[in-house]
Amino acid sequence: MTAGLELAYLGFEVSDLPGWEALLTSVIGMTGNGDNADGSRGYRMDECEQRLFLRPGSQDDVAAVGLAALNRGEFDAALGRLKAAGVAVHKGDDSACRARHVTELVSFRDPSGNPLELCLGQRVAATAFASAVMPGGFVTGDMGMGHIVLVTQDLEPTLRFYTDVIGMAVSDRGAEEWAGLTIEAVFLHCNRRHHSIALGAGIPPVKRTAHFEMHVPDIDAVGLAWDRARAAGVEITHLPGRHTDDVFSFYGRTPSGFEWEIGTGGYDVGPNWRQRHLTRFTAWGHQPPAS
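Residues numbered from 1 in each chain as written. Predicted model: local features only at pLDDT ≥ 70, side-chain atom pairs only at ≥ 80, totals over all residues. Heavy atoms only, no water.

A. Local environment of the overall build of the chain. Helix and strand counts for the chain come out as five helices and 18 strands. Its C-alpha atoms give the chain a radius of gyration of 18 Å, within 12% of the compact-globule value 19 Å for 291 residues. By its C-alpha atoms, the chain is 50 × 40 × 35 Å across when sized along the principal axes. Relative to its full complement of 291 residues, the chain shows a buried share of 57%. A gap of 2 Å separates the mean positions of the 25 positive and 36 negative side-chain charges of the chain. (Helix = DSSP H or I, 4+ residues; strand = E, 2+ residues; numbered from the N terminus. Rg over C-alpha atoms; globule rule 2.2 N^0.38 Å. Buried < 20%, exposed > 50% of the residue type's maximum accessible area, 1.4 Å probe, protein only. Lys, Arg positive; Asp, Glu negative; His and termini not counted. Charge placed at Lys NZ, Arg CZ, Asp CG, Glu CD.)

In C-alpha cells form, the structure reads like this:
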C-alpha cells in the first residue's frame, strides 16, 4: 500500500525571472497569482492557489518539491516515518505556510540532498482557474501537478528513502543508452499517476533537476503548446514522441538550463499494476532536433 500523497507543488530558484514568467504564462499556460511575502512568485494551473513558485536567486535549480498528504492521518504517518528514520525535519512557521498556500508544512532533504516539503491543506482559490493560453486546463486533481525527475549519484539509498520512508512505490525501472551515457531511472508513484517523482542516475550532476512535467487533457493541447514554444523561440530539446508509459509529449529548455515537458495520456497505476524492467524509456520519437 502506497502512502496517500500527491505532488502538490514545485519551487525553483531562478536568475531569469522575466524569462521564466514568459515561459510559464505565455507558452505553458499557467497564470500568475502574485508575489508571496517571502519574495517568491506564485503560479496556478488548477483550483489550487499555487502549484509552482519562483524564487529569485542564482541557484537555477529546484528549491522545493512539495508533497501533499491527502489527510491528517497520512500526514502524521509520513512525519512519523521521517522522524523514526532520523531525518532532520524543520517545521514551517505561519509565514512559510502562507508562502506555500498550505495550512501545515515541514521541510527536509532526501539522501541526495534534494529539498522536499511535506504539507497538509493546500488552499483552494476563490476564483476558478482560467487561462486563455490553456483553456482546457491541466490534468491534476487527485494525481497532483505532474512529475519531476531528480538527478542522483546515490540511487539505491535515495530509492530506499522514497519507498521505505516517504511511502512511494516503484512503477518501473530500467536503463537506456543515450548520447554515450547509460541512464538509469526509477519511476515512483504515490497515486494512480504512473510517476510523480523519478530518480535518474548516470546523468552528469550539473543540476538536481533533469526535468519537470505538466499534463494536459489531449494531444491537441500538446500540439498547441508545441506551436507556442516554437513561435516564442523556446529551445526544443526533444521532439514529440511517446514514452513507454504511453505518454505523448515533447521537451523544451527552461531559462535555468534544465528541461520542461508537456504530455498527455499515459497508464494509470492501479492495484493490478506489475513493475516492469525497461530497456528504453521512449517507444518512438523524442529525438533531439537536428543541429
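That covers the picture; the talk isn't over yet.
B. Up close: the pattern of salt bridges. With the rule as written, the count across this model stands at 17 salt bridges. Two residues, arginine 55 and glutamate 13, come together in a salt bridge whose shortest N-O distance is 2.8 Å. With arginine 55 in strand β4 (residues 52-56) and glutamate 13 in strand β1 (residues 5-14), the pair connects residues that are 42 residues apart, well separated along the chain. Note on arginine 55: relative accessible area 29%, which makes it partly exposed. Residue class for glutamate 13 comes out buried when judged on its relative accessible area of 13%. (Salt bridge = Lys/Arg side-chain N within 4 Å of Asp/Glu carboxyl O.)

C. Inspection of the pairing of strand β10 (residues 169-178) at higher detail. Most of β10 is tucked away, with seven of its 10 residues classed as buried. Between β10 and strand β11 (residues 181-189), which pair antiparallel one after the other, the connecting turn spans two residues, and alanine 179 there sits at a positive phi close to 50°. Looking at chain direction, β10 and strand β17 (residues 276-278) are connected through three bridges and run parallel. Bridging across to β17, aspartate 172 finds its partner in arginine 276. (Pairing = 2+ DSSP bridges.)

D. Focus on the pairing of strand β9 (residues 147-151). Across the five residues of β9, five count as buried, placing the element largely inside the fold. Here β9 shows two buried faces, one formed by His147, Val149 and Val151 and the other by Ile148 and Leu150. The sheet contact formed by β9 and strand β13 (residues 209-215) spans four bridges and is antiparallel. Directly across from isoleucine 148, in β13, lies its bridge partner phenylalanine 212. As paired strands, β9 and strand β12 (residues 197-201) are joined by four bridges and run parallel to one another. Paired with valine 151 across the bridge in β12 is glycine 200.

E. Quick peek at the environment of asparagine 71. Within the element layout of this structure, asparagine 71 appears in the loop between β5 (61-69) and α2 (72-84). Here the side chain of asparagine 71 touches glycine 73 through a polar contact of 3.1 Å, landing on its backbone nitrogen. (Polar contact = N/O pair within 3.5 Å; in protein donor to acceptor, adjacent residues only side chain to side chain.)

F. Representation of the layout of surface pockets in the model. Taken as a whole, the second largest pocket spans an internal volume of roughly 150 Å³. In terms of lining residues, the second largest pocket is bounded by 14 residues, among which Ala63, Ser107, Arg109, Pro115 and Glu117 are the most central. Elements represented by at least two residues in the lining of the second largest pocket include exactly β5, β7 (104-109) and β8 (115-120). (1 Å grid on protein atoms, 1.4 Å probe; cavity = no way out; pocket = protein on both sides within 12 Å on 5 of 7 lines; lining within 4 Å. Points joined across faces, edges and corners; volume = space filled by probe spheres on them.)

G. Layout of empty space enclosed by the protein. For the structure shown, the criterion picks out one cavity of 30 Å³ or more. Here the largest cavity defines a volume of roughly 50 Å³. Residue assignment for the lining of the largest cavity shows that the elements contributing at least two residues are α2 and α4 (155-166). Looking at the lining of the largest cavity residue by residue, the classes come out as eight nonpolar, no polar and no charged. (Nonpolar A, V, L, I, M, F, W, Y, C, P; charged D, E, K, R; others polar.)

H. Representation of the side chain of histidine 101 within the structure. Structurally, histidine 101 can be placed in the loop between α3 (94-100) and β7. Look at histidine 101 and you get buried, because its relative accessible area is 12%. A polar side-chain atom of histidine 101 sits 2.7 Å from a polar atom in the side chain of glutamate 49. For histidine 101, the residues in contact, after removing those within four places along its chain, are Asn33, Asn36, Glu49, Gln50, Gly121, Gln122 and Arg123. (Contact = heavy atoms within 4.5 Å.)

I. Focus on the nonpolar core. Grouped together as the largest cluster of nonpolar side chains are 66 residues, with contacts concentrated most on Phe12, Leu118, Tyr162, Phe212 and Trp260. Among residues more than four places away in sequence, those in contact with leucine 118 are Leu5, Leu67, Ala69, Phe75, Ala78, Leu79, Leu82, Glu104, Leu105, Val106 and Phe108. (Core = buried A, V, L, I, M, F, W, Y, C linked by side-chain atoms within 4.5 Å.)

J. Geometry of α2. If you check α2, its first and last C-alpha atoms are 18 Å apart, about what 13 residues at 1.5 Å a residue would give, namely 18 Å. Here the buried face of α2 lies against β5, β7, β8 and α4. Capping the start of α2, asparagine 71 holds a side-chain oxygen 3.1 Å from the backbone nitrogen of glycine 73, two or three residues further along. In the segment just after α2, glycine 86 is the residue with positive phi, at about 75°. (Expected span 1.5 Å × (residues − 1).)

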